[in-house]
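Residue strings, one per chain:
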Amino acid sequence: MEKGFNLVDKATAMENIKKDEIRKIAEGDKKAAAKIGLHAGAEAVVVGTATIGDVESIRGVLYGSKATVSIWALKVDNASLYALSTQSKSAAVGVSNLYGTAF
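Residues numbered from 1 in each chain as written. Predicted model: local features only at pLDDT ≥ 70, side-chain atom pairs only at ≥ 80, totals over all residues. Heavy atoms only, no water.

Enquirer: Just checking my understanding: could you explain the overall build of the protein chain for this structure?
Expert: Assigned secondary structure in the protein chain consists of four helices and five strands. Counted from the first residue to the last, the protein chain has its helices and strands arranged as α-α-α-β-β-β-β-β-α. For the protein chain, long-range pairs separated by at least 24 residues make up 40% of all intrachain contacts whose partners lie at least 6 apart in sequence. With the model as given, the accessible surface of the protein chain reaches about 7900 Å², and the carbon-plus-sulfur share is 56%. (Helix = DSSP H or I, 4+ residues; strand = E, 2+ residues; numbered from the N terminus. Contact = heavy atoms within 4.5 Å. Areas by Shrake-Rupley, 256 points an atom, 1.4 Å probe, with all protein chains shown as cover.)

Enquirer: Mind showing me how you'd approach helix 3 (residues 30–40) here?
Expert: Each α-helix turn comprises 3.6 residues. Residues three or four places apart therefore point the same way. Buried within helix 3 we find Ala32, Ala33, Ala34, Ile36 and Gly37. Elements that come into contact with the buried residues of helix 3 comprise helix 2 (19–26), strand 1 (44–52) and strand 4 (66–75). Two or three places before Lys31, at the start of helix 3, stands the capping residue Asp29, its side-chain oxygen 3.0 Å from that residue's backbone nitrogen. Positioned one or two residues after helix 3, Gly41 has a phi angle of 80°, which is positive. (Buried < 20%, exposed > 50% of the residue type's maximum accessible area, 1.4 Å probe, protein only. Polar contact = N/O pair within 3.5 Å; in protein donor to acceptor, adjacent residues only side chain to side chain.)

Enquirer: How should I be thinking about the pairing of strand 5 (residues 81–90) in this particular structure?
Expert: Examined bridge by bridge, strand 4 and strand 5 share nine bridges and lie antiparallel to one another. Paired with Leu74 across the strands is Leu81, a residue of strand 5. Counted between consecutive antiparallel strands, the loop separating strand 4 from strand 5 contains five residues, among which Ala79 sits at a positive phi close to 55°. (Pairing = 2+ DSSP bridges.)

Enquirer: When you look at the nonpolar core in this model, what are you seeing that I'm missing?
Expert: In a soluble, globular protein the nonpolar side chains are often hidden away together inside. Grouped together as the largest cluster of nonpolar side chains are 12 residues: Ile17, Ile25, Ala32, Ala33, Ala34, Ile36, Val45, Val47, Trp72, Leu74, Val76 and Ala79. Those elements that provide at least two residues to this core are helix 3, strand 1 and strand 4. For this core, the leading source of residues is helix 3, giving four residues. (Core = buried A, V, L, I, M, F, W, Y, C linked by side-chain atoms within 4.5 Å.)

Right under this line is the structure:
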């Protein structure tokens, strides 16, 4: 038997989550994420963050120096991780390839 996933939209989730809980979850608090999942009747919770580093000027053009995206999924019954992934990319690498210069 195939397992399906029911998703909760942002507006519905926001009705039941306090702002301090959102902050805790964004900071990586697995217990806070599991608590929200249990409250919603979920088996798993998927949480992600995206950040951008300082802006740099390269040859007079502004670029975000680095972007990082992290996502993790956890079981809500014991707050254990199913999976975790973090990826970072730098705009300066693409610009250095374009101009043939090392930054």
